Amino acid sequence: MTMQTPLAAAARPLQAGSPPAGWSHQHLLDLEELTAEEITLILDTAVLCKEATEGCRRKIDVLAGSAVVNLFFENSTRTKTSFSLAARRLGADVIDFSASTSSLSKGESFIDTAKNLQAMGIDAVVVRHGTPGTPHLLASHLNVGVINAGDGPHAHPTQGLLDILSIRERLGDLKGLTVGLVGDIAHSRTARSNIWGLTKLGAKVILCGPPTLVADGWRELGVEVSHDLDAILPRCDVLNLLRIQFERQHTRPFPSVREYAHLYAMNRDRLRRAKKDLVILAPGPINRGVEVTADVADCPQSLILDQVTNGLAVRMAVLWLICGGRSSTQASKAAEGRIV
Ligand code: ASP
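Note that this is a predicted model, so its numbers are computed, not measured.

J.: So what about the sheet that holds strand β6 (residues 204-208)? Which residues, and what values?
T.: Note on sheets: strands pair through backbone hydrogen bonds, and any given pair is parallel or antiparallel. Judged by pairing direction, the sheet is parallel, and its five strands sit side by side in the order β7-β6-β5-β8-β9 without closing on themselves. With one partner strand each, in any of the chains shown, β7 (224-226) and β9 (279-281) form the two edges of the open sheet. Strand-to-strand twist in this sheet, taken as the mean axis angle between neighbours without regard to direction, amounts to 20 degrees. Against the sheet, helix α6 (residues 157-171) touches β5 (178-182), β8 (238-241) and β9, its axis set at about 160 degrees to β9.

J.: For the site of the ligand, give the residues involved together with the corresponding values.
T.: Neighbouring the ligand are the residues Arg128, His156, Arg189, Thr190, Arg243, Gln245, Gly284 and Pro285. Within the side chain of Arg189, an N or O atom sits 2.8 Å from an oxygen atom of the ligand. Side-chain polar atom of Gln245 to an oxygen atom of the ligand: 2.9 Å apart, as the coordinates give it. In this structure, the ligand is accommodated by the largest pocket. Residues that form the shell around the ligand fall into these classes: one nonpolar, four polar and three charged.

J.: Tell me about the environment of Cys236, and name the residues and values.
T.: Here Cys236 shows up in the loop between α8 (229-232) and β8. Leave out the neighbours within four places in its chain, and Cys236 touches Thr178, Gly180, Ile206, Lys275 and Leu278.

J.: Please give an account of the sheet that holds strand β2 (residues 93-97) that cites residues and values.
T.: Spatially, β2-β1-β3-β4 is the arrangement adopted by the four strands of the open sheet, whose pairing is parallel. In this open sheet, the two edge strands, each paired with only one partner strand, are β2 and β4 (145-151). Each neighbouring strand pair of the sheet contributes to a mean axis angle of 15 degrees, computed without reference to strand direction. Each of β1 (67-72), β2, β3 (124-129) and β4 touches helix α3 (residues 78-89); the most contacted strand, β1, lies at about 175 degrees to it.

J.: Account for the packing of aromatic side chains, with residues named and values stated.
T.: All chains considered together, the criterion is met by four aromatic pairs. Ring geometry for Phe73 against Phe110: centres 5.3 Å apart, planes inclined by 75 degrees, an arrangement best described as edge-to-face. Taken together, the residues Phe73 in the loop between β1 and α3 and Phe110 in helix α4 (residues 110-118) connect sequence positions 37 residues apart. Residue classification places Phe73 among the partly exposed positions, given a relative accessible area of 27%. On the basis of relative accessibility, which here comes to 17%, the residue Phe110 falls in the buried class. Between the aromatic rings of Tyr260 and Tyr264, the centroid separation amounts to 5.3 Å while the plane-to-plane angle is 35 degrees, which identifies the pairing as tilted. Note that Tyr260 and Tyr264 are positioned in helix α9 (residues 257-264) at a spacing of four residues, about one turn of the helix. With relative accessibility at 2%, the residue Tyr260 sits in the buried group. You can call Tyr264 buried: its relative accessible area is 5%.

J.: Run through α4, naming residues and quoting values.
T.: Structural remark: α-helix, 3.6 residues per turn; residues separated by three or four positions point the same way. Phe110, Ile111, Thr113, Ala114, Leu117 and Gln118 are the residues of α4 that are buried. Mapping the buried residues of α4 onto a view down its axis gives an arc of 160 degrees, with all of them on the same face. Of the surrounding secondary structure, the elements contacted by the buried residues of α4 are β1, β2, β3 and α5 (134-141).

J.: Before we move on, can you summarise the nonpolar core with the specific residues and values?
T.: Formed by 93 residues in total, the largest nonpolar core has its most connected members in Leu161, Leu181, Leu207, Leu239, Met266 and Leu319. Looking at this core element by element, the count peaks at 12 residues for helix α12 (residues 304-335). Excluding residues that lie within four positions of it along the chain, Leu319 makes contacts with Leu63, Val68, Phe83, Ala86, Ala87, Leu90, Ile147 and Gly324.

J.: Any details on the pattern of salt bridges? Residues and values, ideally.
T.: If you walk through the whole model with that rule in mind, you get 15 salt bridges. The residue Glu169 makes a salt bridge to Lys50 at a minimum N-O spacing of 2.6 Å. With Glu169 in helix α6 and Lys50 in helix α2 (residues 36-52), the pair connects residues that are 119 residues apart, well separated along the chain. Among the ionic pairs, Arg288 bridges to Asp298, the shortest N-O distance being 2.9 Å. Here the residue Arg288 occupies a position in the loop between β9 and α11 (294-297), and Asp298 occupies one in the loop between α11 and α12, the gap between them amounting to 10 residues. Through salt bridges that share partners, Asp230, Asp269, Arg270 and Arg273 make up one connected network.

So, how was this worked out
- Residues numbered from 1 in each chain as written.
- Predicted model: local features only at pLDDT ≥ 70, side-chain atom pairs only at ≥ 80, totals over all residues.
- Heavy atoms only, no water.
- Pairing = 2+ DSSP bridges.
- Helix = DSSP H or I, 4+ residues; strand = E, 2+ residues; numbered from the N terminus.
- Axes fitted to C-alpha atoms, helices over the stretch in contact; angles between N-to-C directions.
- Contact = heavy atoms within 4.5 Å.
- Near = heavy atom within 4 Å.
- Polar contact = N/O pair within 3.5 Å; in protein donor to acceptor, adjacent residues only side chain to side chain.
- 1 Å grid on protein atoms, 1.4 Å probe; cavity = no way out; pocket = protein on both sides within 12 Å on 5 of 7 lines; lining within 4 Å.
- Sits in = over half its atoms within 2 Å of the grid points.
- Nonpolar A, V, L, I, M, F, W, Y, C, P; charged D, E, K, R; others polar.
- Phe/Tyr/Trp six-rings, centres within 6.5 Å; stacked < 30°, edge-to-face > 60°.
- Buried < 20%, exposed > 50% of the residue type's maximum accessible area, 1.4 Å probe, protein only.
- Arc of directions from axis to C-beta.
- Core = buried A, V, L, I, M, F, W, Y, C linked by side-chain atoms within 4.5 Å.
- Salt bridge = Lys/Arg side-chain N within 4 Å of Asp/Glu carboxyl O.

What follows is the structure, encoded as structure tokens:
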């Protein structure tokens with residue numbers, strides 16, 4: 001394993017062989033299946049990764065010899081790029097699989113395609129798909145790690161983790177904080193992953209948006225539901241501004257974007273009426289003038305770009321936790337002369 005100082009010393013905790021005690025999952029499918037301790041372990045590992053790579057900018061080779069395939073069937077800017085970069089920062093090989101130019105277009109099934117990739121000796125598949133449950137289906141057919149990078153409107157665990165890491169960096173312990181998730185809750189995979197992660201770590205979650213996008217049934221997940229942003233604003237320590245997912249909507253959920261922005265966009269006036277250290281998050285892509293005005297998106301309370309950096313840290317942590325055990329097993333087998 002090649003590594004240069006001074007990164008070597010910082011990366012030492014990541015090299016301790018198999019992933020740390022407390023991690024026993026082969027896959028990361030959603031945050032619902034993790035305990036508070038496991039979520040905290042990922043966040044702490046992300047901090048280690050960030051330090052070991054000098055703010056996610058340098059390369060360490062703790063996953064040298066591993067291979068990760070990105071299997072994206074929906075558009076992505078941040079998630080796909082940062083999974084690729086995260087794997088490369090840790091020294092793994094990355095293959096960006098292109099569905100449109102693959103044999104899927106010749107009639108090969110999704111599972112057969114994935115099994116063929118597995119047969120090439122990969123360690124993990126990062127999958128994004130428009131159909132909820134696709135990563136779970138893959139996990140039930142493959143022996144390699146499966147990481148959910150967004151399955152339709154269902155879940156987006158690494159987005160939830162990077163949002164939580166960004167809050168923790170700025171405000172500390174999540175316990176007792178009130179986090180408002182504002183916008184298109186109905187179609188947002190970010191919302192569900194945030195709800196699972198935040199409530200497990202002791203934060204209070206308020207969902208806010210028009211009744212057509214925030215149904216009362218969400219209360220079953222242990223959250224409060226409101227349709228009045230101005231009413232909940234003074235109680236919030238964090239606002240996570242979710243995009244209106246027009247691409248997933250079949251009917252118009254509100255009369256006009258202008259009316260939506262009037263009632264739910266975070267703007268200067270609302271910022272003045274909020275807690276003075278209110279933190280603004282948005283998963284991106286942001287639509288300036290819809291869920292957030294341009295000045296608020298760029299203000300010092302906005303962590304929107306810090307979230308992107310933390311996305312890299314969280315994805316390094318997840319890849320390390322999922323592939324680290326596999327590569328150390330391979331390394332020890334190789335050392336014993338069992339694989340060449
Ligand atoms: N990028 C996030 C997602 O893939 C949020 C969004 O698209 O609005 O779910």
